[in-house]
Amino acid sequence: MSASAPHAPAAGSTSIGRRMLGRWWRRQSPARQDRFATLAPLVSVLLFLAAIISAFWYLRNEEIEREAEAVKRDTEIAQQQIRLRLIENQEQLVRMAREIVTRELEAPNFLAQATRFTADRPEIVYLSWVGADRRVRARQSSFGERDEWAAPPKPAASGASAANSGPDEAEWAFIAARDVRQPMYSRPFKDPSGAMVFQLHVPLLDRGSFSGALVVEYSIDVLLRHFVPAEVTRRHAIAIVDERERVIASTITAMPGIARQPASIVHDVPFAPAANGLVLRGIGYRTSVGLIGNTLFWMVVALSVLTVWMLLGTWRHMRRRSQIQGALVKETNFRRAMENSMLTGMRAMDLEGRVSYVNPAFCAMTGFSESELINRLPPYPYWPHDRIEENSRLLQQELQGRSPAGGIEVKVMRKNGTLFDARMYVSPLVDARGHQTGWMTSMTNITEAKRIRDQLSASHERFTTVLEGLDAAVSVLSVQQSELLFANRSYRLWFGADARGHALLASGAGPAVPFIAEPDDAVDGLSGLPAQELTGMGTNPREVYAHALDKWFDVRSRYLQWTDGRLAQMLIATDITARRRAEEQAAQQAEKAQVSSRLITMGEMASSVAHELNQPLTAITNYCSGMVSRVKADSIKQEDLIAALEKTARQAERAGQIIHRIRAFVKKSEPQRQPARAIDIVEDAVELASIELRRRNVAIHHYVAQRLPMLKCDPILIEQVLLNLLKNAAEAIDSAKLPAARRHIELRVVPRHTPDEGGVIEFSVTDMGPGLPEEVINRLYEAFFSTKAEGMGIGLSLCRSIVESHRGRIKAQNIYNGSLVAGCRFAFTLPVETTARHEETTLPPPHRDAAAPPADAPAAKTSS
């Protein structure tokens, strides 16, 4: 008893587990029990097959890992042997280079020592002593060849690629050794015999300066064959590959016509210490049979497949029965879920009107539970008390099958007494045998939709009222049918209900829409029209004149989609006749003001003009009196008489030019924009202003840049602006009683480019006067504002109007010397003519002194 006591708890726990498992099994459905009984053998077979495959896979991986470790070990042994050999050779070469630099080793001794060095080193092709100019001073080949003071070797470049070119790689290593002062290995390349080699360049440093290098060329194939241990090559293949994965040398000789077996195990290590892109690769191959080729494996697989095939028949039968059962449950659940999730209320009633079914949505709408509605006869609890008679009549129509297809709109009362609008659709309820058993009614809450519809109707009415009350004519025309879709009161008042008024306004209001009508084409002719781009176009304001109405209209057009989807054009035409007439009157007044300003300017310059004309007239009088006296005395020769007459003619021509210039300036003419050159405008203005400047003893210097583009302006008006600015500058200098050194004006015309205006020509007038106060600058362009006692205050205001009418700008600013005002500068800009940019190729000198300064005044500038 004592010996069996310890096993009692384990036996009890096992019996408990069996009882629990039995109860769980009995709770399962028969279909699930059949499924488990069928799947258990299948799962067992699959687990057995998985265990066998896992065992084979584990053993195979163990074998591969051992082979990979052996390949890695042999590769590192080969790397160590080659590395030690290259380092030993490099140390010997560094010592030899030190002896050459210290003059302990000359060329003959070098060749002897190089012979001994290469004799027991078969991997070295040759050893060269190269000077700083890359000329070979001595060269020892492994074949016993010697050279002294020869040209640098030129190994032939292989045709494979430029990266393996011998001269390029050797030159690169030589330059690198010279620059870094350290031994450098070159990249591999082919020598003239076609063998792959690489070079080691050991620099010769004589007191810190580069004096040449020792160049050793290694044969990669020989290096691999002599310094990889034989026991390593017997076990695995060792190869050297470059950066492009091309095999340069290998311990296995490829047989022609026989494809090499792909390596299954590869281990790469760098080809140290060369660091020239070469990689030492160890290659291993699996020798055992693969997992798929194992006989035992296939036997297990065959037995498992046979067992699976026998179980599949039973499993398919069970699955088919389970699928049919699941489809029935799924369909039932789907119908129930669909009915419960619908927002539309569903109600079913028999032929007598008794309610037999309502879905949750119907209960949620009315507020009544399902038990309160099922088996109820009319009147129903959700009928409003004041509409029982109306609802009874509608119910009789439903029972008789005379309900309209579009549904009926009714009022429904919730359980809490509130009402909402609903639309009901009725359809017959038919059983599986095709007999009608009742009626199915669907109910939708349309309270919000009805409210929105009423708001839209009210909004449309308000919008129509606003459009009808506008003073502007608003019309909408169908682009395809040319049908007038809408016209407000103003449009009907001016053009009637005819679409020709819209066409008249649209003729100058926007681009025409291309439309080709085909008489036999029943489809929409605008199917390919980019409606989105047309409807996205903004307003395009135009001014259109209607001859029949004698009115001007400001017309704005826009394409839009009409309520039925058709493309339409909307026009808004505003009567601007009064504004146009006011603008015409303002233009006439401005023209009169411009002419008056020129007359006033000439009136102010009358004394200067009289003085200017008095000089040639006095000269003519003196010449004539002298000639008359000498002719009477018969004391003048014919040559002297002709010379005197020519002088008299020149003085008369001078007086005529002055009168012609003044007459052209003050003549009343229509303003006209025409191509004009800036230098012609400046010369005319300076010639007129020089009369006033000479009287006030003020000099002028002007500069006009060469090759300026043409201006599109009225030359007389721009000349008027320049004359006004020059006259104001002279008056400011004269009234300030400035000394002669400051009695001059500078006029400059140069091209400018501004972010706002683009390319412009700037006219600037700069004086050395007392400047302007800030409060005067702020009010400078106000009409009838003047700082002069006798001034009228219209000069600068008119100048600003003229400049702005030419799409230019004018501004004034003081010139400061530190904190002191040293003068004033007026500048205005005019846009250049963009249609034809004519360049001034034959210009007169770009500067001219138009007035003679006094004797003590500084000379005028003559630099361009």
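Residues numbered from 1 in each chain as written. Predicted model: local features only at pLDDT ≥ 70, side-chain atom pairs only at ≥ 80, totals over all residues. Heavy atoms only, no water.

### Regarding the overall build of the protein chain
Stage number 1. Scanning the protein chain from N- to C-terminus turns up 21 helices and 29 strands.
Stage number 2. Counting across all 864 residues of the protein chain, residues that qualify as buried make up 37%.
Stage number 3. Summed over all atoms, the accessible surface of the protein chain reaches about 49,600 Å², with 56% contributed by carbon and sulfur. (Helix = DSSP H or I, 4+ residues; strand = E, 2+ residues; numbered from the N terminus. Buried < 20%, exposed > 50% of the residue type's maximum accessible area, 1.4 Å probe, protein only. Areas by Shrake-Rupley, 256 points an atom, 1.4 Å probe, with all protein chains shown as cover.)

### A look at a nonpolar patch on the surface
Stage number 1. A surface patch of nonpolar side chains, about 390 Å² in accessible area, is lined by Trp57, Tyr58 and Leu59.
Stage number 2. Structurally, Trp57 is set in helix α2 (residues 30-101).
Stage number 3. The exposure class assigned to Trp57 is exposed, which follows from its relative accessible area of 53%. (Patch = residues over 30% accessible without salt bridge, like charges linked within 9 Å, V, L, I, M, F, W, Y side chains within 5 Å. Salt bridge = Lys/Arg side-chain N within 4 Å of Asp/Glu carboxyl O.)

### Structural notes on the nonpolar core
A general tendency of soluble globular proteins is for nonpolar side chains to be buried together.
Stage number 1. Grouped together as the largest cluster of nonpolar side chains are 50 residues, with contacts concentrated most on Val682, Leu722, Ile745, Val749, Phe763 and Phe828.
Stage number 2. When neighbours within four sequence positions are excluded, Ile745 is seen to be in contact with Leu693, Val698, Ala699, Ile700, His701, Leu726, Ala729, Ala730, Ile733, Val765, Thr766 and Asp767.
Stage number 3. In terms of nonpolar packing, the next biggest core, distinct from the first, is built from 42 residues, Leu86, Tyr185, Val232 and Ala274 among them. (Core = buried A, V, L, I, M, F, W, Y, C linked by side-chain atoms within 4.5 Å. Contact = heavy atoms within 4.5 Å.)

### Focus: helix α3 (residues 107-119)
Stage number 1. Its 13 residues give α3 an end-to-end C-alpha distance of 18 Å, which sits within 8% of 18 Å, the value for a rise of 1.5 Å per residue.
Stage number 2. For α3, the set of buried residues is Ala107, Phe110, Leu111, Gln113, Ala114, Phe117 and Thr118. (Expected span 1.5 Å × (residues − 1).)

### Describing the confidence of the model for the protein chain
Stage number 1. Of the residues in the protein chain, 75% have a pLDDT of 70 or more, and the chain-wide mean is 77.
Stage number 2. Mean pLDDT per element in the protein chain: strand β29 (residues 847-849) is the minimum at 42, and strand β23 (residues 699-704) is the maximum at 92.
Stage number 3. Contacts of residues 1-8 to residues separated by more than four positions or lying in other chains number zero contacts, the stretch itself having pLDDT below 50.
Stage number 4. Confidence drops under pLDDT 50 across residues 509-529; counting only partners more than four residues distant or on other chains, this segment forms 24 contacts. (pLDDT = per-residue confidence, 0-100.)

### Quick word on the environment of Arg83
Stage number 1. When you line up the elements, Arg83 lands in helix α2.
Stage number 2. Here the alpha-carbon distance between Arg83 and Phe271, two residues 188 residues apart in the chain, equals 7.7 Å.
Stage number 3. Apart from the residues within four sequence positions on either side, Arg83 is in contact with Ala272 and Pro273.

### What to know about the sheet that holds strand β10 (residues 265-270)
Think of a sheet as strands paired side by side through backbone hydrogen bonds, with each pair either parallel or antiparallel.
Stage number 1. In spatial order, the strands read β9-β8-β11-β10; together these four strands make up an open sheet with antiparallel pairing. Each having just a single partner strand, β9 (247-250) and β10 make up the two edges of the open sheet. Mean inter-strand twist for the sheet, computed between neighbouring axes without regard to direction, equals 25°.
Stage number 2. Judged from the six bridges that link them, β10 and strand β11 (residues 279-284) form a sheet pairing that is antiparallel. Its bridge partner lying in β11, His267 is registered against Gly282.
Stage number 3. Running at roughly 35° to β9, helix α5 (residues 220-227) makes contact with β8 (237-241), β9 and β11 of the sheet. (Pairing = 2+ DSSP bridges. Axes fitted to C-alpha atoms, helices over the stretch in contact; angles between N-to-C directions.)

### Focus: the sheet that holds strand β18 (residues 484-487)
Stage number 1. If you walk across this open sheet you meet the five strands as β18-β17-β21-β20-β19, and the pairing is antiparallel. Each of the sheet's edge strands pairs with one partner strand only, and the pair in question is β18 and β19 (542-546). Across this sheet, the average inter-strand angle for adjacent strands is 30°, counted without regard to direction.
Stage number 2. Relative to strand β20 (residues 551-561), β19 runs antiparallel, the two sharing five bridges. Within β20, the residue paired with Val544 across the bridge is Phe553.

### Details of empty space enclosed by the protein
Stage number 1. Taken as a whole, this structure holds two cavities of 30 Å³ or more when the rule is applied.
Stage number 2. Around the largest cavity, the lining residues are Arg347, Tyr382, Trp383, Asn391, Leu394, Leu395, Glu398, Ile408, Val410, Lys411, Val412 and Met424.
Stage number 3. Per-class residue counts for the lining of the largest cavity are eight nonpolar, one polar and three charged. (1 Å grid on protein atoms, 1.4 Å probe; cavity = no way out; pocket = protein on both sides within 12 Å on 5 of 7 lines; lining within 4 Å. Points joined across faces, edges and corners; volume = space filled by probe spheres on them. Nonpolar A, V, L, I, M, F, W, Y, C, P; charged D, E, K, R; others polar.)

### With respect to the environment of Tyr218
Stage number 1. In this fold, Tyr218 is placed in strand β7 (residues 209-219).
Stage number 2. Here Tyr218 falls in the buried class, since its relative accessible area comes to 0%.
Stage number 3. Taking the C-alpha atoms as reference points, Tyr218 and Val197, separated by 21 residues in sequence, lie 5.4 Å from one another.
Stage number 4. Within the structure, Tyr218 has its side chain in polar contact with the side chain of Asn89 (distance 3.3 Å). (Polar contact = N/O pair within 3.5 Å; in protein donor to acceptor, adjacent residues only side chain to side chain.)

### Section: the packing of aromatic side chains
Stage number 1. Summed over all chains, the structure comprises 13 aromatic pairs.
Stage number 2. A centroid spacing of 5.5 Å and a plane angle of 15° characterise the contact between Tyr380 and Tyr382, whose relative ring orientation is stacked.
Stage number 3. Using a relative accessible area of 1% as the deciding quantity, one classes Tyr382 as buried.
Stage number 4. Summarising the aromatic geometry, the rings of Tyr380 and Trp383 are spaced 5.1 Å apart at their centres and angled 80° between planes, so their arrangement reads as edge-to-face.
Stage number 5. Taking the relative accessible area as the measure of exposure, Tyr380 reaches 3% and is therefore buried.
Stage number 6. Judged by relative accessible area, Trp383 falls into the buried class, the value being 8%.
Stage number 7. Among the aromatic residues, those joined into a ring-pair cluster are Tyr185, Phe198, Tyr218 and Phe271.
Stage number 8. Taking NZ or CZ as reference, Arg137 lies 4.2 Å from the ring centre of Trp129, over its face.
Stage number 9. The residue whose ring lies beneath Arg580 is Trp552, and the NZ or CZ to ring-centre distance is 3.7 Å. (Phe/Tyr/Trp six-rings, centres within 6.5 Å; stacked < 30°, edge-to-face > 60°. Lys NZ or Arg CZ within 6 Å of the ring centre and 35° of its normal.)

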